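The primary structure of each chain is shown beneath.
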Amino acid sequence: MDNSMMITVLLACSVAAMAGYLIYLQRRLVIYEKQQSARNNSLPLQAYERLILLTDRIALPNLISRNPADAISARELCALYTKTIREEFDFNVTQQMYIQSSSWKAVKNLKEKNLQIINQLTQQLPEQASGLDLQKAILQYLMANPAAALHELVAEALSYEAKQVL
């Protein structure tokens, strides 16, 4: 074999090796992009999950079941409910950047509506009313106004949007 033939073979092998390496790099890039896409999808999904949990935690029936009211006044219980709702909401406020603005607006409206209901019912009760009286008034209000249980509607909307992200 002469030198020109050997150089041609070496050049062909080099070109084939370089082409193989480029194909390898391209496949790695595709895999990396898929991983990035999966990571980017996981953040909105986690946000929807957290906000569905928030809507459940600030739902009026769930607030009642989590906070015993035997030894406190209606005014104290109102303050406790208000504090709980605001803390839960504030803890999750950053999730709004991962979801649609209409969904975030629905979560905010749920928070505001629940605070409004609690405050209005507390004001309607006599000064000496107990926490149990407030809980009873909230439950009666919810039974008389099924549309006031917005938490179910908001949770369904969040769940639907989360499924769209998948």
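What comes next is a walk through the structure. (Residues numbered from 1 in each chain as written. Predicted model: local features only at pLDDT ≥ 70, side-chain atom pairs only at ≥ 80, totals over all residues. Heavy atoms only, no water.)

1. Topic: helix α3 (residues 74-91)
Stage number 1. Compared with an ideal rise of 1.5 Å per residue, which puts 18 residues at 26 Å, α3 spans 25 Å between its outermost C-alpha atoms and is within 8% of the ideal.
Stage number 2. Listed as buried for α3 are Ala74, Leu77, Cys78, Tyr81, Thr82, Thr84, Ile85, Glu88 and Phe89. Angular distribution of buried residues about the axis of α3 spans 160 degrees; they occupy a single face of the element. Those residues of α3 that are exposed and aimed more than 90 degrees away from the buried face are Lys83, Asp90 and Phe91. (Helix = DSSP H or I, 4+ residues; strand = E, 2+ residues; numbered from the N terminus. Expected span 1.5 Å × (residues − 1). Buried < 20%, exposed > 50% of the residue type's maximum accessible area, 1.4 Å probe, protein only. Arc of directions from axis to C-beta.)

2. Details of helix α6 (residues 150-165)
Stage number 1. Helix length check: α6, at 16 residues, gives a terminal C-alpha distance of 23 Å against a target of 22 Å (1.5 Å per residue), a fit within 8%.
Stage number 2. Inspection of α6 places His151, Val154, Leu158, Glu161 and Ala162 among the buried residues, and these make up the whole buried set. The arc that holds every buried residue of α6, seen down its axis, measures 105 degrees, which confines them to one face. Along α6, exposed side chains directed more than 90 degrees from the buried face belong to Leu153, Glu156, Tyr160, Lys163 and Gln164.

3. With respect to the side chain of Thr84
Stage number 1. Structurally, Thr84 can be placed in helix α3.
Stage number 2. Judged by relative accessible area, Thr84 falls into the buried class, the value being 14%.
Stage number 3. A polar contact is formed between the side chain of Thr84 and the backbone oxygen of Leu80, at a distance of 2.8 Å.
Stage number 4. Once residues within four sequence positions are removed from consideration, Thr84 is found in contact with Leu63 and Arg66. (Polar contact = N/O pair within 3.5 Å; in protein donor to acceptor, adjacent residues only side chain to side chain. Contact = heavy atoms within 4.5 Å.)

4. Examining the packing of aromatic side chains
Each aromatic ring pair is characterised by the separation of its centres together with the angle its planes make.
Stage number 1. Under the definition given, this model contains two aromatic pairs.
Stage number 2. Above the face of the Phe89 ring, Lys111 is positioned so that its terminal group lies 4.4 Å from the ring centre. (Phe/Tyr/Trp six-rings, centres within 6.5 Å; stacked < 30°, edge-to-face > 60°. Lys NZ or Arg CZ within 6 Å of the ring centre and 35° of its normal.)

5. Section: the packing of α3 against helix α5 (residues 131-144)
Stage number 1. At a minimum axis separation of 7 Å, α3 and α5 run at an interaxial angle of 60 degrees. In terms of their interaxial angle, α3 and α5 are classed as oblique. The crossing of α3 and α5 is right-handed. Taken together, the residues of α5 that come into contact with α3 (itself represented by Ala74, Leu77, Cys78 and Tyr81) are Gly131, Leu134, Gln135 and Ile138.
Stage number 2. Of the residues assigned to the contact of α3 with α5, the class counts are six nonpolar, two polar and no charged. (Axes fitted to C-alpha atoms, helices over the stretch in contact; angles between N-to-C directions. Parallel < 35°, antiparallel > 145°, perpendicular 65-115°, else oblique. Left-handed = near helix turned anticlockwise from the far one by under 90°. Nonpolar A, V, L, I, M, F, W, Y, C, P; charged D, E, K, R; others polar.)

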